[in-house]
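Next come the chains, spelled out residue by residue.
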Amino acid sequence: MHALQWIAAWALLLHGCAAGRPPQAASARSDVRDCSVDPPYLPPTATNTTARLAALRGTMRAHGIHAYIVPSTDAHMSEYIAERDSRLGWLTGFTGSAGTGVVTQDKAALWTDSRYWTQAERQLDCNWELQRTTWIESIGLWILEAVPVGGNISLDPFLFSIDTWNSYSRALHGSGRTLLPIETNLVDQVWGDQRPPPASSEIYSLPPAFTGSSWQEKVAGIRQQMEQHVRRPTAVLLSGLEETAWLFNLRGDDIPYNPVFYAYTLLTNTTISLFVNETRLAAAARQSLQAGCPGPLCVELREYGQARTHLRHYAQGNVTIWLGTEYTTYGLYSVIPQEKLLEDSYSPVMLAKAVKNTKEQKLLRAAHVRDAVAVIQYLLWLEKMVPQGQVDEFSGAQHIDTLRQAQEHSRGPSFQSISASGLNAALAHYSPSNGSSRKLSVNEMYLSDTGGQYLDGTTDITRTVHWGVPTPLQKEAYTRVLMGNIDLSRLVFPPNTAGRVVESFARRALWDVGLNYGHGTGHGIGNFLSVHEWPVGFQSNNVPLMAGMFTSIEPGYYRDGEFGIRIEDVALVVEAQTEHQTGEKPFLTFEVVSLVPYDRNLIDLRLLSPEQIRYLNAYYETIRARVGPELQRQQLEEAYRWLQRSTEPFPLGSTATSATATLGTLALASLLSALLTGLQA
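Treat the numbers as computed from the prediction; the structure is a model and nothing was measured. (Residues numbered from 1 in each chain as written. Predicted model: local features only at pLDDT ≥ 70, side-chain atom pairs only at ≥ 80, totals over all residues. Heavy atoms only, no water.)

Peer 1: Honestly, the overall build of the chain in this entry has me stumped. Any pointers?
Peer 2: Scanning the chain for helices and strands turns up 21 helices and 27 strands. Whereas a compact globule of 681 residues would reach a radius of gyration of roughly 26 Å, the chain reaches 25 Å, a difference of no more than 12%. Based on the C-alpha atoms only, the size of the chain along its principal axes is roughly 70 × 70 × 55 Å. Here the chain, with 681 residues, has 57% of them falling under the buried criterion. Across the chain, contacts joining residues at least 24 apart in sequence account for 72% of those joining residues at least 6 apart. (Helix = DSSP H or I, 4+ residues; strand = E, 2+ residues; numbered from the N terminus. Rg over C-alpha atoms; globule rule 2.2 N^0.38 Å. Buried < 20%, exposed > 50% of the residue type's maximum accessible area, 1.4 Å probe, protein only. Contact = heavy atoms within 4.5 Å.)

Peer 1: Would you mind showing me how to read the environment of Lys-218 here?
Peer 2: Assignment of secondary structure puts Lys-218 in helix α8 (residues 215-228). Lys-218 sits in the buried class, given a relative accessible area of 7%. Between the C-alpha atom of Lys-218 and that of Pro-494, which follows or precedes it by 276 residues, the distance is 29 Å. For Lys-218, the contacting residues outside a window of four places in its chain are Ser-213, Trp-246, Leu-247 and Asn-249. At 2.7 Å, the side chain of Lys-218 and the backbone oxygen of Trp-246 are in polar contact. (Polar contact = N/O pair within 3.5 Å; in protein donor to acceptor, adjacent residues only side chain to side chain.)

Peer 1: What should I look at first to understand the side chain of Ser-530 in this one?
Peer 2: Residue position: Ser-530 is located in the loop between β21 (523-524) and β22 (533-537). Overall, the relative accessible area of 7% leaves Ser-530 in the buried class. Within the local environment of Ser-530, its side chain forms a polar contact with the side chain of Asn-258, the two groups lying 3.2 Å apart. Ignoring any residue separated from it by four or fewer positions in sequence, one finds Ser-530 in contact with Glu-242, Asn-258, Thr-458 and Ile-525.

Peer 1: Looking at this structure, I do not really get unusual backbone geometry. What am I missing?
Peer 2: Of all residues except glycine, most have a negative phi; of all peptide bonds, most are trans. Between Asp-38 and Pro-39 the backbone carries a cis peptide bond, its omega angle lying at 0 degrees. Take Pro-39: it is sitting in the loop between α1 (3-13) and α2 (50-63). Residues Trp-534 and Pro-535 are joined by a peptide bond in cis, for which omega reads 10 degrees. Within the secondary structure layout, Pro-535 lies in strand β22. The phi dihedral of Met-77 is positive, around 60 degrees, even though this residue is not glycine. You will see that Gln-635, though not glycine, has its phi angle at about 60 degrees, which is positive. Examined against the element boundaries, Gln-635 turns out to sit in the loop between α19 (610-633) and α20 (637-646). A relative accessible area of 69% means that Gln-635 is categorised as exposed.

Peer 1: Which parts of the structure should I look at to understand the state of the cysteines?
Peer 2: Two cysteines form a disulfide when their sulfur atoms are joined by a covalent bond. A complete count under the given rule lists two disulfides for this structure. A disulfide bridge connects Cys-35 with Cys-126, and the sulfur atoms are separated by 2.0 Å. What sets the handedness of the Cys-35 and Cys-126 disulfide is the S-S torsion sign, and at about -90 degrees it is left-handed. Highlighted residues: Cys-35 in the loop between α1 and α2 and Cys-126 in the loop between α4 (117-123) and β4 (129-131), separated in sequence by 91 residues. The exposure class of Cys-35 is partly exposed, given its relative accessible area of 39%. (Disulfide = S-S within 2.5 Å.)

Peer 1: Explanation requested: the packing of aromatic side chains in the structure shown.
Peer 2: What characterises a pair of aromatic rings is the spacing of the ring centres plus the angle enclosed by the ring planes. With the rule as written, the count across this model stands at 19 aromatic pairs. Taking 5.4 Å as the distance between ring centres and 45 degrees as the angle between the ring planes, the aromatic pair formed by Phe-493 and Phe-590 counts as tilted. Here Phe-493, found in the loop between α16 (472-489) and α17 (499-502), pairs with Phe-590, found in strand β27 (residues 588-592); they are 97 residues apart in sequence, far enough to count as distant. For the residue pair Phe-493 and Phe-590, the accessibility class agrees, reading buried in each case. The structure contains a cluster of three or more aromatic residues connected by ring pairs, namely Tyr-598, Tyr-615, Tyr-619, Tyr-620 and Phe-650. For the cation-ring pair, Arg-507 lies above Tyr-517, with the distance from its terminal atom to the ring centre recorded as 3.8 Å. The ring of Phe-650 carries the charged tip of Arg-600 above its face, separated from the ring centre by 4.2 Å. (Phe/Tyr/Trp six-rings, centres within 6.5 Å; stacked < 30°, edge-to-face > 60°. Lys NZ or Arg CZ within 6 Å of the ring centre and 35° of its normal.)

Peer 1: Mind showing me how you'd approach the packing of helix α14 (residues 358-385) against α20 here?
Peer 2: How two helices pack is summed up by the angle between their axes together with the distance between the axes. Axis separation between α14 and α20 bottoms out at 10 Å; the angle between their running directions is 90 degrees. Our classification of the angle between α14 and α20 gives roughly perpendicular. Contacts between α14 and α20 involve Ile-376, Leu-379, Leu-380, Glu-383 and Lys-384 on the former and, on the latter, Glu-638, Ala-639, Trp-642 and Leu-643. Split into classes, the residues belonging to the contact of α14 with α20 amount to six nonpolar, no polar and three charged. (Axes fitted to C-alpha atoms, helices over the stretch in contact; angles between N-to-C directions. Parallel < 35°, antiparallel > 145°, perpendicular 65-115°, else oblique. Nonpolar A, V, L, I, M, F, W, Y, C, P; charged D, E, K, R; others polar.)

These values are about where atoms sit, not about what they do.
Here's what the structure looks like:
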């Protein structure tokens, strides 16, 4: 392999590595389980799953099933799910957003990624093995060891994507075990009448002032793509909840923090079928959908449960159905003959939604200005209240949610606020509860990862602060995380570049000293939709970055049992103003739209290059120009004065030498060149 290819491969393989000292032994801590002692030690946060597993195993025996696979998603491949669909959470007690459980007659195991390892050790009882990976190959090998030849491995086909089904099929192929889809969900059977009821709240239309274009214009755009496609598909199937909500400018409240509703859409050349509980549609929404009836812009309302039957009937004709495999379940996919399928990873609606038009960009920018007001108020409040010992993690999370609620167009938080002090901040997705919540202290680091839903946009921002004297390691780690945030935010890169190619720029300053983080570097974000919006971001299955896309940039560092750091901003991909134009399309860069200053107490200026200092000072000028007037308009004078203090320009005299800075800039350029060359080879 060529040297440059080795560099590219090395960088991509290190994407998921987490550096730092080994985790402490469970026995040395009271917040995690210890299954090595007799009797096993379980923290108060663990759930007793013995009865639930016994009931499930009884149901499995009745169906002749030797292993049952339980995912963490719903029938629409949603990342965040309603409590009614939290089957894995109910069965295991584990509440992380990503995981897979497998139950046999005598074993049970949970697979999850590094964000949730400590959380799983806190929530699982000793009935469960924790597998510290998410690879389906690992799940397959475990099943092959646990299930004898001739055994049946079963799952609900409406809870697994096409790709995931195929991966399990490959993992078990030729093993003498049978992968058996069963449409009766066995966890639901065991859960019984204790399972929460279906959603019943109203589905409503977004006011035109908060939409990028009318739903009729969006439908016309998708139909135009169908006509121009070489395969000339006759229909597009939409399974992702965001897809239908965005296409029709409708919103609901079926999933906490996500303004979506349960629905499928089948859009053909001449008809539109919306599968939804139509009794929940507001009168204005129904009128909007059916104003064009009869005709090609008439939305035919059908019952949600009829989607599969209608799709099977439609697929019997001379048709070609275009779908995105990432969001379509095997249960729907399996009713369409293979020769009538047009498959892409993502549907044309998902891709159209990802690129915001000029109006949508303006709306999201405005939402971030008001959101910054709430976050600045929160940081000021913490500065005053934490030294008095009057704030814990839970009350802090409640307060930031209250401050956001007071802002214009607010529709609540965009996810459960992450408010984490000290060792809890080492859990990347920790959220406090009223019963177990640490006091915030001037002697510990505090991580606040929060976001808001507004009619004009969705926000997500993380700030890490320390009100006392941070340790040298804390200060260095914070500064290096900030350096990574800056280096990626100010990067200029060629058009059609995949996020995974440039992702390592956010890690370089940490890598320089042997540090890293184990989560992704960023994700897309919606216009009053999901806070994690695919397919934008820096992972291997994200699409190339394009002007008009919004993504978070969020490097971090976590020291298990001690502290955690994350700095997250939302940024818009924009055309870069470069000295030279080398192709038809301009180069790209990022415009950061999150507008909250970083903690000066944690920044070691000696580590920053002059270019990084200049970027910070320019960013702070932008914050002052955009947020300052809004603070004054809302008559928040104390917060305005705090903002002025917190955005004072940094001096250039304390930075690294210009020679060192130049070498750093050259190293960044060399790394990007190596990554691009390696991936193109």
